[in-house]
Amino acid sequence: MAFVNQNYCNLKESYLFSQIAHKVAEFTAAHPEKKIIKMGIGDVTLPLAPAVIEAMQKAVAEMGVKETFRGYGPEQGYDFLHEAIARYYAGFGVSVASDEIFVSDGAKSDCGNMTDIFSNDNVILIPDPVYPVYLDTNVMCGRKIIYMQGKPENDFLPMPDDSVKADIIYLCSPNNPTGAVYTKEQLEKWVAYALKNDAVILYDAAYESFISDPEIPRSIFAVEGAKKCAIELCSLSKTAGFTGTRCGYTIVPHDLVRKTKDGREMSLNKMWLRRQTTKFNGVPYIIQRGAEAVFSPEGQKQCREMLAFYKENARIMSEALTKKGIKFYGGTHSPYIWMQCPNGMGSWEFFDYLLEKLAVVGTPGAGFGSMGEGYFRLTAFGSRENTIEAMERIEKGL
């Protein structure tokens, strides 16, 4: 008999965003006349930058000519994209080697796949509220999971507790879902904790491009010692609108070494390389040429204009909530607004109210963990017209 992984029995019945999509589909079918404005899933709405399109079109043409056609590429990504990413990091004072960079189809994939190189005996420390993938991928492995509470008292930025012993720590800054951002001093404390406990930090930097304050780190490797205890995951989904194009990258430093249970030292960089070359066939050449263009001077200029558009949406949203006297977090260095549900409403109760009364869709905070109950996430990735209209509806309807 072929037994299945019983840890799947411990997962919630459906993924958060699938549950939202189901509710919205039911409402749409019942009310086809209503214009629904979606501010829930963090999907972008602006098209890819012209520099990216031009690079991809050129790459497509290359694939149609025998002399420039390419078949299988390196699973960890082409050198030209590694070099572009390394130059990008150097622009904010962080040095990474080409062979520390692994190109993938997105940070979500790497976040889940990274569990392959760690023992299931590890204790996992996860923030609450949390991006569901951190939790669910470890539930699938049957690992022990402990939580650190994000709450108003710590501005939804939990800090290390020496009485808690963890082996793998998930951090996300700017944070999804709360929009909160760790300072360098706060990250230094996390690095110190990880080094003291021989732990590994999985640092999700998918939203680093939204940071505008030079004092706030764009990478955990801006902190001394981080290369001995951290892996950084990043994505072009929000930086450059690659949600449908799929490209991200993970940085695994050479200095990151840990032991097996029987005491053998292992390089996590070599382990991840072995994992990727075994289980992953690489990102298409055409996509990688588009990604390379993101980091060109013209691509950066165009992508910054896109980011400015979404940040203005966030400003409009923040202004509307401030007028209503509603407490919220994020929206400054993040595309997310983490608002307190009004009138003591629960997260799903508020979701139903917004959908049924105002035809606006957001994400219930409870879907991100118990500490998210009573909060609600809105995203700034909509069109300007829809963002303004949605906030007008909320101002009038609350």
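Scroll up for the structure.
Cut-off values and rules
Residues numbered from 1 in each chain as written. Predicted model: local features only at pLDDT ≥ 70, side-chain atom pairs only at ≥ 80, totals over all residues. Heavy atoms only, no water. Axes fitted to C-alpha atoms, helices over the stretch in contact; angles between N-to-C directions. Helix = DSSP H or I, 4+ residues; strand = E, 2+ residues; numbered from the N terminus. Parallel < 35°, antiparallel > 145°, perpendicular 65-115°, else oblique. Contact = heavy atoms within 4.5 Å. Nonpolar A, V, L, I, M, F, W, Y, C, P; charged D, E, K, R; others polar. Salt bridge = Lys/Arg side-chain N within 4 Å of Asp/Glu carboxyl O. Buried < 20%, exposed > 50% of the residue type's maximum accessible area, 1.4 Å probe, protein only. Expected span 1.5 Å × (residues − 1). Arc of directions from axis to C-beta. Polar contact = N/O pair within 3.5 Å; in protein donor to acceptor, adjacent residues only side chain to side chain. Core = buried A, V, L, I, M, F, W, Y, C linked by side-chain atoms within 4.5 Å.

A. The arrangement of the packing of helix α11 (residues 347-358) against helix α12 (residues 384-397) in detail. Axis separation between α11 and α12 bottoms out at 11 Å; the angle between their running directions is 105°. When the axes of α11 and α12 are compared, the pair comes out roughly perpendicular. Residues Y353, L354 and L358 of α11 pack against R393, I394 and G397 of α12. Of the residues contributing to the contact of α11 with α12, the split by class is 4 nonpolar, 1 polar and 1 charged.

B. Focus on the pattern of salt bridges. One pass over the full model with this rule turns up 14 salt bridges. Residue K35 pairs with E385 through a salt bridge whose shortest N-O separation is 4.0 Å. Here K35 is found in the loop between α1 (16-30) and β1 (37-38), whereas its partner E385 is found in helix α12, with 350 residues between them in sequence. Accessibility expressed as a relative area gives 36% for K35, which makes it partly exposed. With a relative accessible area of 57%, E385 lands in the exposed category. Of the charged contacts in the structure, one is a salt bridge between E389 and K35, with a shortest N-O distance of 2.8 Å. Here K35 lies in the loop between α1 and β1 and E389 lies in helix α12, a separation of 354 residues in the sequence. Residue classification places E389 among the partly exposed positions, given a relative accessible area of 23%. A single network of salt bridges, built from pairs that share partners, joins K35, E385, E389 and R393.

C. Looking closely at helix α2 (residues 50-63). Along its 14 residues, α2 runs 20 Å from first to last C-alpha, staying within 8% of the 20 Å computed at 1.5 Å per residue. All buried positions along α2 are accounted for by A51, V52, A55, M56, A59 and E62. Burial along α2 is one-sided: seen end-on, the buried residues are contained in an arc of 130°. Seen from the buried face of α2, the exposed residues on the opposite side, beyond 90 degrees, are P50, E54 and Q57. Those residues of α2 hidden inside the fold are in contact with α9 (285-294) and α10 (297-323).

D. Layout of the environment of Y285. Within the element layout of this structure, Y285 appears in helix α9. Along the chain, Y285 and A390 lie 105 residues apart, while their C-alpha atoms are 39 Å from each other. Those residues in contact with Y285 that sit more than four places away from it in its chain are A59, E62, M63, R70, Y78 and F80. Only 2.4 Å separates the side chain of Y285 from the side chain of E62, close enough to count as a polar contact.

E. Seen up close, the nonpolar core. Residues I169, I201 and Y249 are the most contacted members of the largest nonpolar core, which totals 93 residues. Among the elements that take part in this core, helix α3 (residues 79-90) stands out by supplying 7 residues, more than any other. Sequence-distant contacts of I201, defined by excluding residues within four places in its chain, comprise I169, L171, W190, V191, A194, I220, C229, A230 and I231. One finds I126, I145, L233 and L268 within the second-largest nonpolar core, a separate group that totals 26 residues.

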